[in-house]
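Descriptive structure summary
Each chain is listed here by its residues.
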Amino acid sequence: MAASFSGRPVAYCGKTKPVPAALQFQSAEPATAAFRTVPPARGKAFVDFQMDVTTGDIALAHREGYQSVEHLKRYTTLGMGTDQGKTSNFPALSAMAALRGATIPETGTTTFRPPYVPVAIGALAGRAVGHHFKPTRRTPMHDWHIANGADILEVGLWMRPYFYRGAGRDVNEAYVAEMRFVREAAGLMDISTLGKIDVQGPDAATLLDRIYANGFAKLPVGRARYGVMLRDDGIVFDDGTTTRLGEHRFFMTTSTAKAAEVMSRLEFLLDTAWPDLRVAVTSVTDEWAAMSVAGPRGREVLAAAFPALDVSNEALPHMGFIEGEFDGRALRIIRLSYSGERAYEVYVGASAGEAAWRRLIEAGQPFGLEPYGVEALGALRVEKGHVAGPEIDGRTTLDDLGLGRMVGKRSGFVGDVLRRRHALAEQNRQRLVGLTCVEADARLSGGAILFRPGEVPKGHGRGRITSVTYSPTLGAYVGLALLAGDVAMGDKVVAVHMMKGEAVRASVVSPVFLEPQGERLHG
């Protein structure tokens, strides 16, 4: 028979012998009996080690007339530590009862607050292990992704499709195939994880003009605009797209990683810096399912999925916006792209997200529509030279990222003053560039340090590679990098990855590898 304790099998715990009974504490006196006297001590005798309460403090409280346990607690701070008196209340109350010549029940006990039940050390030590501490967030289309072979990647708190097994045996094979779907036909991407904020009120445009480096007050209704936010110190904080739904209402999207921070930032500024602005901001991230249809046949997919909507180039130009309905739910379509292809972001109520996704998949079959994951998404934006988290890393400015022209002569927005510091305008600051391998069969590695040919590879070098991808369009590896301003376009550098023992020669080129004029976006 398996060993057991209190009738419960414990063999599954690895026990093969009977568990001995717990030892019982034996005492000649009841636990509620008071000390006969306060124990003498040489020097100080501490009762509460967290709050530094001694027996002398208890005796002084008694002499001062603080004989109620609640008065004793407030006079001495007894039991106010994180343990709420678990290690100190009994001896302290016992000492007070002795001074009064009473028992502990007659003296009374203090009011204690959580945590008054002991917390296992394992619970404290394991609070940030795996998924025990932070919640797991799934998009409305999560079950579809799992059922259709998606390999899931945790991005922040979100579970997102990394790649789809149907496109390749592993991520390296699959993401290249998924990129080709987008470049040659159409791809469908789950972007529900984007931060979404509803901004409305008479001063909504004023708020956006102050938090974005580029202006939004003159944005026409029914149009979207890419915007960049700065921190107070002039460093780039986040980027995203905001659409004007009406005269006093906007729909803001943020990056997945900064969604909560942007929302918190807006609330902080409205509460402290600009309480006079008549505007309300509301997080609606979980209210909308979102998906992106990208590729040369994306318009045909949308027209087949939502035949009641006019998605022609005239009705829905680049950075345009239209509204409609899907199964009785609000539907929003914004034409914008981070991949370099003609693309559309489709928003529908979260509960209808999977149904809309299935509608697009079904309608897109004749046009070669396939789903793609975050690895392909990142690779597509690198080909187009769009910056993202690896470049917006808390150290770069608008000029560093080639976005300074967005601001022009504007002023008065958050970060405007300190972005003009001399240190942030030095000509030798690291700026965004593109890299291509000199040798046709070579590949770049993210995180590699850049040096001039002949330089000793040590220290921080001239810059670093931030993002890398294989480009099926170019048939070679390309990368984005932040490189010192004294290295010019066309120069050669050596990308050294110390841990991998790699040294790859590369040419400095424009960060936009695909269609600099954007013909595919506007067609």
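Worth saying up front: this structure is predicted, and the values here are computed from it rather than measured. (Residues numbered from 1 in each chain as written. Predicted model: local features only at pLDDT ≥ 70, side-chain atom pairs only at ≥ 80, totals over all residues. Heavy atoms only, no water.)

**Let's talk about the pattern of salt bridges**
A full pass over the atoms with the stated rule returns 29 salt bridges. Here Arg74 and Glu70 are joined by a salt bridge, their closest N and O atoms 2.7 Å apart. Taken as a pair, Arg74 and Glu70 lie in helix H2 (residues 69-76) at a separation of 4 residues, close to a single helical turn. Assessed through its relative accessible area of 22%, Glu70 is described here as partly exposed. The residue Arg419 makes a salt bridge to Asp416 at a minimum N-O spacing of 3.2 Å. Note on accessibility: Arg419 and Asp416 belong to one class, buried. Connected via shared salt-bridge partners are Arg183, Glu341, Glu383, Glu515 and Arg520. (Salt bridge = Lys/Arg side-chain N within 4 Å of Asp/Glu carboxyl O. Helix = DSSP H or I, 4+ residues; strand = E, 2+ residues; numbered from the N terminus. Buried < 20%, exposed > 50% of the residue type's maximum accessible area, 1.4 Å probe, protein only.)

**Describing the packing of helix H7 (residues 171-184) against helix H12 (residues 374-384)**
In the contact formed by H7 and H12, the axes pass within 9 Å of each other and the chain directions differ by 60 degrees. Between H7 and H12, the angle is such that the two are oblique. In this structure, H7 crosses over H12, and the sense of that crossing is right-handed. Listed contacts from H12 to Val171, Tyr175, Glu178, Met179, Val182 and Arg183 of H7 are Glu375, Ala376, Ala379, Leu380 and Glu383. Per-class residue counts for the contact of H7 with H12 are 7 nonpolar, no polar and 4 charged. (Axes fitted to C-alpha atoms, helices over the stretch in contact; angles between N-to-C directions. Parallel < 35°, antiparallel > 145°, perpendicular 65-115°, else oblique. Left-handed = near helix turned anticlockwise from the far one by under 90°. Contact = heavy atoms within 4.5 Å. Nonpolar A, V, L, I, M, F, W, Y, C, P; charged D, E, K, R; others polar.)

**So, helix H3 (residues 89-100)**
The terminal C-alpha atoms of H3, which comprises 12 residues, lie 16 Å apart, in line with the 16 Å expected from a rise of 1.5 Å per residue. Within H3, burial applies to Asn89, Ala92, Leu93, Ser94, Ala95, Met96, Ala97 and Ala98. In this structure, the buried residues of H3 make contact with strand E3 (46-48), helix H1 (55-63), H2 and helix H4 (104-107). Looking one or two places after H3, you find Gly101, whose phi comes out positive at around 70 degrees. (Expected span 1.5 Å × (residues − 1).)

**Focus: the sheet that holds strand E23 (residues 492-497)**
The 6 strands lie next to each other as E19-E22-E21-E20-E23-E24, forming a closed barrel whose pairing is antiparallel. Ignoring which end each strand starts from, the neighbouring axes of this sheet average 45 degrees apart. Pairing analysis gives 8 bridges linking strand E21 (residues 463-471) to strand E22 (residues 476-484), with the strands arranged antiparallel. Note that in E22 the partner of Ser471 across the bridge is Ala476. Against the sheet, H12 makes contact with E21 and E22, and its axis sits at roughly 110 degrees relative to E21, the strand it touches most. (Pairing = 2+ DSSP bridges.)

By themselves, these are just geometric observations and shouldn't be taken as functional.
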